Each structure stands twice: as structure tokens, then as C-alpha cells.
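# Chain and residue survey
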Amino acid sequence: MSSLFQKTIAKKTIFKGVGLHSGLNTEVKILPAAENFGIVFKRIDHDKDNIIKANFKNVSSAKLCTTLENKFNITVSTVEHLLAALYITGIDNALIE
């Protein structure tokens, strides 16, 4: 998307449901972020090394779903629909927990 200004979401948004692959109760929070922050995932079930930037260089697998992985082997999977929704709405900066 092309825009003169970067965008984030207006306020925290929370989605709750059953994890697609785990079957566990799951909660995803999308938080506003500062300019030039980008789209960043934070695994809150890990105490450290838990940040994964949404960048094509971090794609470790695209078999049946998109998996992003940081240099500490921490992953997030099935991110493609959320990233597509952020893209189509013009969101450039967000922290996803």
C-alpha cells in the first residue's frame, strides 16, 4: 500500500478463541505501535528472545501455513491472514502478542 503517512491501530484489540493447530484456548492482542516500528510479533509465553519481526527474511516455512522464526528459533505460525488484514487496512506498525 502506498501512503504518505504510516498508520497503527487506534486502540488495543483482543481476539480470543481456540488455536487452529493446538486446540488450546488462545488470545491474540494487537497493540498500537510507534512510527517505524513495523509489524512485530511477541511471544509472551517466552521470557526472553521472544520478538519476531514480520519480514520475508524470517519465513522459515510456508508448508500449509506461514511460519516466522527469529534467530533464537522462536516461531509464530499461521500469520498470513492477520498480516493480509493489516496490509489491506494500511496498518504499518503494530505489536502482536
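Relevant structure appears above.
A brief look at the structure comes next. (Residues numbered from 1 in each chain as written. Predicted model: local features only at pLDDT ≥ 70, side-chain atom pairs only at ≥ 80, totals over all residues. Heavy atoms only, no water.)

### Thoughts on the pattern of salt bridges
Considering all chains together, one arrives at three salt bridges under this definition. Note that Glu27 is salt-bridged to Lys29, the shortest N-O span being 3.9 Å. One salt bridge in this structure joins Arg43 and Asp45, with 2.7 Å as the shortest N-O distance. Ionic contacts of the salt-bridge type, sharing partners, join the residues Lys16, Glu27 and Lys29 into one network. (Salt bridge = Lys/Arg side-chain N within 4 Å of Asp/Glu carboxyl O.)

### Points about the sheet that holds strand β5 (residues 59-61)
Reading across from one edge, β5-β6-β7 is the order of the three strands in this open sheet, with antiparallel pairing throughout. With partners counted over all chains shown, the strands left at the sheet margins are β5 and β7 (75-77), one partner each. Here the average twist between neighbouring strands, direction ignored, is 35°. Where β5 lies against strand β6 (residues 67-69), two bridges are found, and the strand directions are antiparallel. Its bridge partner being in β6, Ser61 is matched across the sheet by Thr67. (Pairing = 2+ DSSP bridges. Helix = DSSP H or I, 4+ residues; strand = E, 2+ residues; numbered from the N terminus. Axes fitted to C-alpha atoms, helices over the stretch in contact; angles between N-to-C directions.)

### A look at the nonpolar core
Ranked by internal contacts, the top residues of the largest apolar core, which has 13 residues, are Ile39, Phe41, Ile52, Leu68, Val76, Ile91 and Ile96. Listed by contribution, the elements that provide at least two residues to this core are β3 (39-42) and β8 (94-96). Sequence-distant contacts of Ile96, that is, excluding residues within four places in its chain, are made with Val28, Lys29, Ile30, Ile39, Val40, Phe41, Lys42, Leu82 and Leu86. (Core = buried A, V, L, I, M, F, W, Y, C linked by side-chain atoms within 4.5 Å. Buried < 20%, exposed > 50% of the residue type's maximum accessible area, 1.4 Å probe, protein only. Contact = heavy atoms within 4.5 Å.)

### What about the side chain of Thr67?
Tracing the backbone through its elements, the reader meets Thr67 in strand β6. A polar contact is formed between the side chain of Thr67 and the side chain of Ser77, at a distance of 3.0 Å. Excluding residues within four positions of it along the chain, Thr67 makes contact with Asn58, Val59, Ser60, Ser61, Thr75, Val76 and Ser77. (Polar contact = N/O pair within 3.5 Å; in protein donor to acceptor, adjacent residues only side chain to side chain.)

### Observations regarding the environment of Ser61
Tracing the chain through its elements places Ser61 in strand β5. A relative accessible area of 28% means that Ser61 is categorised as partly exposed. Setting aside its immediate chain neighbours within four residues, Ser61 contacts Thr66 and Thr67. Within the structure, Ser61 has its side chain in polar contact with the backbone nitrogen of Lys63 (distance 3.2 Å).

### Some details on the side chain of Asn93
Following the sequence through the fold, Asn93 ends up in the loop between α1 (80-88) and β8. A polar atom in the side chain of Asn93 sits 2.8 Å from the side chain of Gln6. Setting aside its immediate chain neighbours within four residues, Asn93 contacts Gln6, Lys7, Thr8, Ile9, Ala33, Ala34, Glu35, Asn36, Phe37, Gly38 and Ile39.

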